[in-house]
Amino acid sequence: MWRKVQIVMAGACAAGVCVVPTAAGSATAATSGAAAVTAKAAAPAGVKTGVQKTGVKKKNVPYCARYKCIALTFDDGPWPYTPELLDTLKKHKAKATFFLLGRKVANRPELTRRIYEEGHDIGNHTWTHPSLTKLSDSEVLEEVSSTSDVIFQMIGKKPDYMRPPNGATNARVSGLMADLGLPQILWTGSTLDWQARNTKVIAQRTLKLAKRDGVILLHDIVPETVKAMPGVLTALEKEHYKFVTLTTLLQDRTLRGGEIYPPRGK
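Residues numbered from 1 in each chain as written. Predicted model: local features only at pLDDT ≥ 70, side-chain atom pairs only at ≥ 80, totals over all residues. Heavy atoms only, no water.

Engineer: Lay out the environment of Val201 in plain terms, naming residues and giving numbers.
Structural biologist: Structurally, Val201 can be placed in helix α10 (residues 199-209). When the C-alpha positions of Val201 and Ala228 are compared, they lie 8.9 Å apart, and in sequence the two are 27 residues distant. (Helix = DSSP H or I, 4+ residues; strand = E, 2+ residues; numbered from the N terminus.)

Engineer: Tell me about the packing of aromatic side chains, residues and numbers included.
Structural biologist: This model, assessed by the stated rule, comprises 2 aromatic pairs. Lying over the aromatic face of Tyr241, Lys68 brings its terminal NZ or CZ to 4.3 Å of the ring centre. Above the ring of Trp79, the side-chain terminus of Lys104 is found at 4.1 Å from the ring centroid. (Phe/Tyr/Trp six-rings, centres within 6.5 Å; stacked < 30°, edge-to-face > 60°. Lys NZ or Arg CZ within 6 Å of the ring centre and 35° of its normal.)

Engineer: I'd love a proper account of helix α8 (residues 171-180), names of residues and values included.
Structural biologist: Inspection of α8 places Val173, Ser174, Leu176 and Met177 among the buried residues, and these make up the whole buried set. Considered in projection along α8, the buried side chains sweep an arc of 160° and stay on one side of the axis. Projecting away from the buried face of α8 at angles above 90 degrees are the exposed residues Ala171 and Asp179. Contacts made by the buried residues of α8 are with α7 (137-155), β4 (184-185) and β8 (260-261). For α8, the N-terminal cap is Asn170; the gap from its side-chain oxygen to the backbone nitrogen of Arg172 is 3.1 Å. One or two positions beyond α8, positive phi appears at Gly181, with a value near 75°. (Buried < 20%, exposed > 50% of the residue type's maximum accessible area, 1.4 Å probe, protein only. Arc of directions from axis to C-beta. Contact = heavy atoms within 4.5 Å. Polar contact = N/O pair within 3.5 Å; in protein donor to acceptor, adjacent residues only side chain to side chain.)

Engineer: Outline the pattern of salt bridges, supporting the account with residue identities and numerical values.
Structural biologist: Per the counting criterion, the structure on display carries 9 salt bridges. Taking the shortest distance from any N to any O, the salt bridge between Asp137 and Arg172 comes out at 2.6 Å. Of this pair, Asp137 sits in helix α7 while Arg172 sits in helix α8, and the two are 35 residues apart along the sequence. Of the residues examined, Asp137 reaches a relative accessible area of 37% and is grouped as partly exposed. Residue Arg172 is classed as partly exposed on the basis of its relative accessible area of 30%. With a shortest N-O distance of 3.6 Å, Arg256 and Glu259 are connected by a salt bridge. Ionic contacts of the salt-bridge type, sharing partners, join the residues Asp87, Arg114 and Glu118 into one network. (Salt bridge = Lys/Arg side-chain N within 4 Å of Asp/Glu carboxyl O.)

Engineer: Quick rundown of unusual backbone geometry? Include the residues and the values.
Structural biologist: Leaving glycine out, the prevailing phi sign among residues is negative, and the prevailing peptide bond configuration is trans. Between Gly77 and Pro78 the backbone carries a cis peptide bond, its omega angle lying at 0°. Looking at where Pro78 falls in the secondary structure, it is placed in the loop between β1 (68-77) and α4 (82-91). Of note, the amide linkage connecting Tyr261 to Pro262 takes the cis form, showing an omega dihedral of -10°. When you line up the elements, Pro262 lands in the segment after β8. Although it is not a glycine, Asp213 sits at a positive phi angle of roughly 65°. Inspection of the secondary structure assignment puts Asp213 in the loop between α10 and β6 (214-219).

Engineer: So what's going on with the packing of α4 against helix α6 (residues 109-117)? Residues and values would help.
Structural biologist: Taken N-terminus to C-terminus, the directions of α4 and α6 make an angle of 15°; their axes are 11 Å apart at the nearest point. In terms of orientation, α4 lies roughly parallel with respect to α6. Considering how the two elements wind past one another, α4 and α6 form a crossing that is left-handed. Each of Thr82, Pro83, Leu86 and Asp87 in α4 lies in contact with α6, whose residues at this interface are Leu111, Arg114 and Ile115. For the contact of α4 with α6, a count of residues per class yields 4 nonpolar, 1 polar and 2 charged. (Axes fitted to C-alpha atoms, helices over the stretch in contact; angles between N-to-C directions. Parallel < 35°, antiparallel > 145°, perpendicular 65-115°, else oblique. Left-handed = near helix turned anticlockwise from the far one by under 90°. Nonpolar A, V, L, I, M, F, W, Y, C, P; charged D, E, K, R; others polar.)

Structure below.
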């Protein structure tokens with residue numbers, strides 16, 4: 001009898017709990033329960049205990065870091081050829097950036113609103129398309145400010161960017177654009193479509209200039225350019241390009257007023 005009691009007590013203490021078990025496996029259950037109580041006491045309030053996967057929030061990767069983007073930009077509109085271009089862009093689910101002239105915006109309010117409502121960017125391209133480097137400070141400010149104002153009247157939003165006509169800018173113009181808070185958008189490649197006036201040539205030039213994160217200069221006032229776009233978009237789609245607005249292209253960075261993008265020489 002004494003031998004049996006010793007064996008039972010020894011078995012209970014060996015399990016780390018010095019109580020006499022009432023059924024098989026009770027010692028193990030007691031140990032597990034004690035460990036659970038200890039873990040619960042050690043866990044901070046509001047933190048669930050048990051084996052869980054640690055949730056790590058993924059960083060929001062910019063769209064154009066994941067996809068092969070290109071920004072097609074169209075100057076000098078809106079113009080009677082613009083609706084056909086918008087139809088083509090819509091068919092291909094493509095977005096673009098339109099640098100508009102203030103005087104044309106004033107004459108085509110509905111077309112301006114259509115450009116904006118279909119998800120395209122609208123930029124400032126001055127009121128009359130002058131060479132800004134040849135104007136006085138007050139004339140430069142008037143050309144750009146009046147255009148931003150009329151765009152605001154049409155779409156309820158002022159443009160975030162401007163493009164100096166013919167790319168003509170200098171330190172003085174850059175300083176004035178800094179005062180207005182408008183970055184200056186140039187291009188990585190120009191098709192010179194306004195000179196070519198040939199659909200095949202414009203298409204070939206656009207495809208040759210295409211590159212990832214490229215900013216291509218075109219004109220929706222050139223009918224041959226508008227006619228070239230269906231073939232251009234189809235060809236670039238086969239190369240896995242995504243057609244995006246300038247805002248999407250730049251979504252991982254903010255440009256300063258007066259800053260030139262893309263930087264010259266690149």
